[in-house]
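Inside the fold
Here's the letter readout for the chains.
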Amino acid sequence: MPGKVVPPALGELRPVIEAVAALAKTFPALPGPVEIGRVVTRTTVALGIRGELHTTFADFEAWRTVLGVDPADVEHRPLATVQTLRAYGTFHGVPAVVTAYGPVFALAQVA
């Protein structure tokens, strides 16, 4: 039987909260919402910032730019009618994972 998952204490989340506050202060127009807590990065599970964007790929591009993620490092997963873009980055030393969801034709509209 797996062990009980213990949620992080507020003090453990402080660096993440401070990073989100810095994002809000420095980039107030950056699309939200975001969640704080455990995120799955490419190499580990850590406390960080997660953004799930169901808006436009232009919003994703704004996040990708702020996080300094090279376009070549973005994961693209196309399906029949939906696709996802995922970027793994950091902000103020805190991991950030941003995922965008949208119809297949929408990528051509961003370019």
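Just above sits the structure.
Calculation criteria
Residues numbered from 1 in each chain as written. Predicted model: local features only at pLDDT ≥ 70, side-chain atom pairs only at ≥ 80, totals over all residues. Heavy atoms only, no water. Buried < 20%, exposed > 50% of the residue type's maximum accessible area, 1.4 Å probe, protein only. Helix = DSSP H or I, 4+ residues; strand = E, 2+ residues; numbered from the N terminus. Pairing = 2+ DSSP bridges.

1. Here we look at the pairing of strand β4 (residues 82-91)
- Burial analysis of β4 places eight of its 10 residues in the buried class, the great majority of the element.
- For strand β3 (residues 75-78) and β4, the ladder comprises four bridges, and the chain directions are antiparallel. Looking at the pairing, Arg77 lines up with Thr84 of β4.
- Linking β3 to β4, which pair antiparallel, is a turn of three residues.
- One ladder, built from 10 bridges, connects β4 with strand β5 (residues 94-103); its direction is antiparallel. Note that in β5 the partner of Leu85 across the bridge is Ala100.
- The antiparallel pairing of β4 with β5 creates a hairpin that spans two residues between the two strands, and His92 there sits at a positive phi of about 55°.

2. Quick notes on unusual backbone geometry
- Gly32 connects to Pro33 through a cis peptide bond whose omega is 0°.
- Positive phi is not limited to glycine here, since His92 has a value of about 55°.
- Looking at where His92 falls in the secondary structure, it is placed in the loop between β4 and β5.
- Classification of His92 as exposed rests on a relative accessible area of 60%.

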